[in-house]
Amino acid sequence: MAERDLVEVEHLDGIAHVVLADPQRRNVLSEPMIDALLDAYDRAEADPAIRCVVLGARGAAFCAGAELEVLERSATGDFSGVERVYRAFLRVAESALPTIAVVDGPAVGAGFNLALACDLRVTSSGAAFDSRFTALRLLPGGGHVWLLERAVGRQAATAMALFGERIGADDAHRLGLVWSVSATPEDALERARVLADRIAGVEREFVTALVGSLRDAASVGSHDLAVTDERYTQRWSVTRPDFLSEVRNMRARVERADRGER
């Protein structure tokens, strides 16, 4: 299978649809899969029309994580393969473009990290999340604990990372790990598309600036510092032509409503 065949990419109406496509191997993060995923994000970022990435997967699993052969080699002192697996989900986390993950089936180990690296997660009812690290006697890597605790809090992160709790879609929704649960994979994908469509026509510089603010918020130590940071970014946003245009459009709608017009 050619490298690019492992990840399907379609750019449509401002959205980059990126699909892991190695279902026979449960979309394991092999080296060719990683290269294809990196290429998909390079292409999305190079396309000025793209505002959002929707990341999904084919088959019964979202992503089974690292290849076991790579983990075996790490025991001999060759950690390069594990470091390369990091590149897959770090590329997603560090992209200036927002990513919505569409999770159907298990997201395991580094595959769980891949889902956590996304800005938003929507699932089908068949989704499951499994850290798997304690079962392998492997301490978490790639910032897994930080990402997980940020998403669900200390207690749930402890239950999953240390005690090996595997959680399904409904529990993931209850914990705030996922935004929504749909009955089928097709419904979950449609939910992601509806969300992505809302920003498909928004100025790209605005989208990337707001994504940056959302990600940076975790490291801001106080409300005062947040006010200072947002004062700078908000002052930048009011200089954009789209801002004045949208304010005037809203004003016109309010005036029509006040007159009883539709």
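For the structure itself, consult the block above.
Enquirer: I would appreciate a short explanation of a negative patch on the surface in the present structure.
Expert: Taken together, Asp 13, Glu 186, Asp 187, Glu 190 and Asp 197 make up a surface patch of like negative charges. Among the secondary structure elements, Asp 197 is positioned in helix 8 (residues 185-197).

Enquirer: How should I be thinking about the pairing of strand 4 (residues 99-103) in this particular structure?
Expert: A regular strand places its side chains so that they alternate between the two faces of the sheet. Within strand 4, five of the five residues are buried, leaving the element largely enclosed by the surrounding structure. Burial along strand 4 is two-sided: Thr 99, Ala 101 and Val 103 facing one way and Ile 100 and Val 102 facing the other are all buried. Pairing between strand 3 (residues 52-57) and strand 4: three bridges, direction parallel. In the sheet register, Val 53 faces strand 4, and the bridge partner there is Thr 99.

Enquirer: Where do I start with helix 8 in this structure?
Expert: An α-helix turns once per 3.6 residues; consequently, residues spaced three or four apart project the same way. The end-to-end C-alpha distance of helix 8 is 18 Å, a good match for the 18 Å that 13 residues give at a rise of 1.5 Å each. Those residues of helix 8 not exposed but buried are Ala 188, Ala 192, Leu 195 and Ala 196. Looking straight down helix 8, one finds its buried side chains confined to an arc of 100 degrees; they lie on one side. In this fold, the buried residues of helix 8 make contact with strand 2 (15-20), strand 3, strand 4, strand 6 (120-124) and strand 9 (180-182).

Enquirer: What is the right way to look at the pattern of salt bridges in this model?
Expert: Should their charged atoms come close, side chains of opposite charge can pair. According to the stated counting rule, one finds 17 salt bridges in the structure shown. Notably, a salt bridge pairs Glu 8 with Arg 58, separated by 2.7 Å at the nearest N-O pair. In this pair, Glu 8 is assigned in strand 1 (residues 7-12) and Arg 58 in the loop between strand 3 and helix 2 (68-74), connecting sequence segments 50 residues apart. Since its relative accessible area comes to 31%, Glu 8 is described here as partly exposed. The salt bridge partner of Asp 130 is Arg 166, with a shortest N-O separation of 3.8 Å.

Enquirer: Even after reading the chapter, I still don't get the pairing of strand 2, so can you show me in this structure?
Expert: Taking burial as the measure, the six residues of strand 2 include six buried ones, the bulk of the element. Where burial is concerned, the two faces of strand 2 agree: the one with Ile 15, His 17 and Val 19 and the one with Ala 16, Val 18 and Leu 20 are both buried. Here six bridges tie strand 2 to strand 3, and the two strands are oriented parallel to one another. Among the inter-strand pairings, Val 19 is bridged to a residue of strand 3, identified as Gly 56. At this point the chain moves from strand 2, through helix 1 (residues 31-46), to the parallel strand 3, and the crossover so formed is right-handed.

Reading the values: rules and limits
Residues numbered from 1 in each chain as written. Predicted model: local features only at pLDDT ≥ 70, side-chain atom pairs only at ≥ 80, totals over all residues. Heavy atoms only, no water. Patch = residues over 30% accessible without salt bridge, like charges linked within 9 Å, V, L, I, M, F, W, Y side chains within 5 Å. Areas by Shrake-Rupley, 256 points an atom, 1.4 Å probe, with all protein chains shown as cover. Salt bridge = Lys/Arg side-chain N within 4 Å of Asp/Glu carboxyl O. Lys, Arg positive; Asp, Glu negative; His and termini not counted. Charge placed at Lys NZ, Arg CZ, Asp CG, Glu CD. Helix = DSSP H or I, 4+ residues; strand = E, 2+ residues; numbered from the N terminus. Buried < 20%, exposed > 50% of the residue type's maximum accessible area, 1.4 Å probe, protein only. Pairing = 2+ DSSP bridges. Expected span 1.5 Å × (residues − 1). Arc of directions from axis to C-beta. Contact = heavy atoms within 4.5 Å. Right-handed = clockwise from strand over helix to strand, strands pointing away.

Purely geometric stuff here, so don't read any function into it on its own.
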